[in-house]
Amino acid sequence: MRAPDASARALRTPGAIPVLLYHAVMDDPPSWIAEFTVTPRDFAAHLDAIVAGGRTPITVSTLADHLPAASPGHRTHRPTTFPSAPEASPSASLSASPPPPPSTPAPPPAPAPPVAPLPPRPVVLTFDDGFADLPGPTAEALAARALPATAYLTTGAITPGRTSLLPPAPMMRLAQAPALESYGMEVGAHTVTHPPLDTLRPAALLGELRASKQALEDTLGHEVAHLAYPHGYNSRAVRRAAASAGYSSAVAVRHALSSAHDEPYRIARLIVRRRHTVADVEAWMAGAPARGERARVAPFPDSPATLGWRLYRSARARVRGPEFAG
Ligand SMILES: [Zn+2]
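As a starting point, this report considers the structure included with it. (Residues numbered from 1 in each chain as written. Predicted model: local features only at pLDDT ≥ 70, side-chain atom pairs only at ≥ 80, totals over all residues.)

### Digging into the overall build of the protein chain
Secondary structure assignment for the protein chain yields eleven helices and ten strands. Taking all 326 residues of the protein chain together, the buried fraction comes to 43%. If you take every contact in the protein chain between residues at least 6 apart in sequence, the share linking residues at least 24 apart comes to 74%. (Helix = DSSP H or I, 4+ residues; strand = E, 2+ residues; numbered from the N terminus. Buried ≥ 20, exposed ≤ 12 C-beta atoms within 10 Å, placed from the backbone. Contact = placed C-beta atoms within 7 Å.)

### Comments concerning the packing of helix α8 (residues 202-220) against helix α9 (residues 236-244)
It is at 10 Å that the axes of α8 and α9 come closest, and there the two elements cross at 45°. Overall, the two elements α8 and α9 adopt an arrangement that is oblique. Read as a crossing pair, α8 and α9 show a hand that is right-handed. Contacts between α8 and α9 involve Leu205, Leu206 and Leu209 on the former and, on the latter, Val238, Ala241 and Ala242. For the contact of α8 with α9, a count of residues per class yields six nonpolar, no polar and no charged. (Axes fitted to C-alpha atoms, helices over the stretch in contact; angles between N-to-C directions. Parallel < 35°, antiparallel > 145°, perpendicular 65-115°, else oblique. Left-handed = near helix turned anticlockwise from the far one by under 90°. Nonpolar A, V, L, I, M, F, W, Y, C, P; charged D, E, K, R; others polar.)

### Considerations on the environment of Asp262
Here Asp262 lies in the loop between β9 (258-259) and β10 (267-271). Accessibility expressed as a C-beta count within 10 Å gives 27 for Asp262, which makes it buried. Along the primary structure Asp262 and Leu67 are separated by 195 residues, whereas in three dimensions their C-alpha atoms are 6.2 Å apart. Excluding its chain neighbours within four sequence positions, the residues that come into contact with Asp262 are Leu67, Ile267, Ala268, Ala298 and Pro299.

### A look at the pairing of strand β5 (residues 149-153)
With five of its five residues buried, β5 lies for the most part within the structure. Examined bridge by bridge, β5 and strand β6 (residues 185-189) share five bridges and lie parallel to one another. Bridge assignment links Tyr152 to a residue of β6, and that residue is Gly188. (Pairing = 2+ DSSP bridges.)

### Here's the deal with the packing of helix α3 (residues 40-52) against helix α10 (residues 278-285)
Their axes nearest at 9 Å, the elements α3 and α10 cross at an angle of 30°. Relative to α10, the element α3 lies roughly parallel. Where α3 crosses over α10, the handedness of that crossing is right-handed. Packed against α3, whose contacting residues are Ala45, His46, Ala49 and Ile50, the element α10 presents Val278, Val281, Glu282 and Met285 at the interface. Looking at the contact of α3 with α10 residue by residue, the classes come out as six nonpolar, one polar and one charged.

### Description of unusual backbone geometry
Peptide bonds are trans in most cases, and residues, glycine excluded, mostly fall at negative phi. Following Ala298, the chain continues into Pro299 via a peptide bond in cis, with omega recorded as 10°. If you trace the backbone, Pro299 turns up in the loop between α10 and α11 (304-320). At Asp129, a position not held by glycine, the phi torsion is positive, near 90°. C-beta crowding within 10 Å serves as the criterion here: with 25 such atoms nearby, Asp129 is assigned to the buried category. Within the chain, His194 stands out as a residue other than glycine whose phi angle is a positive 65°. With respect to the helices and strands, His194 occurs in the loop between β6 and α8. Accessibility expressed as a C-beta count within 10 Å gives 25 for His194, which makes it buried.

In structure tokens form, the structure reads like this:
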């Protein structure tokens, strides 16, 4: 490992695309999410730094339109034998009542038609889970600066009468999802119950992916094509299931900058933590890491530590069932 002697300037990577992951924006968050919560005051300062950074804010769908499709030479290519026809029986406990038949399952994403080139130096803002501030002051702060964003909603956590693995917190309601769009936000899915997807059996995995997509589509009246993996946890099987469920992109975490060469089913994001400062946001906008963090730009393969952690969590989930992994 190299000595940490390079200046921030030397760590800047041309072509790096920061995709920021925010959770709640509030002053008094529940302790379990406090580490990943920023205050409204800090959030406003972050947004001002993003605007001043001179990048072009885009949604995940715009970024995804420009990423390389899963193809030979890419790590997300499909095996020649497809595992036992994904039979996501709607009997999976998660899907309530299946939708009326005319809609067949969404086909796997087709090659995108030619699109305008990616704007120079893009930045993407994302918000996970659907906390109560999102359709209110957070969306207003974004709209006041004409910043588009993508919100990934955990449908079980925001639907009255449903539950999720997320501990209690002030949440928005599913019925407010259209309001997010009216502010200029894009809405994506973040599963029903927020499980670590890479520990689920195939039927439960597809049930989570399909039921959350369907609930959002029923509420919004149009297709929901983008997914965020809870905790960022994914595997080759999870990425394949996301495509099979009809998503055209999925964001992970990876604690790294993304790029125009990133993988469409595990787009790298940077988690914004309470401790991150405006200087850290400025570093990200410059294509550099936050202070004290590593300079990585996706795509890159999973580390042995990531693979080992996944094996451990999978074994534990077999014994204890899915649990909140935060
Ligand atoms: Zn989440």
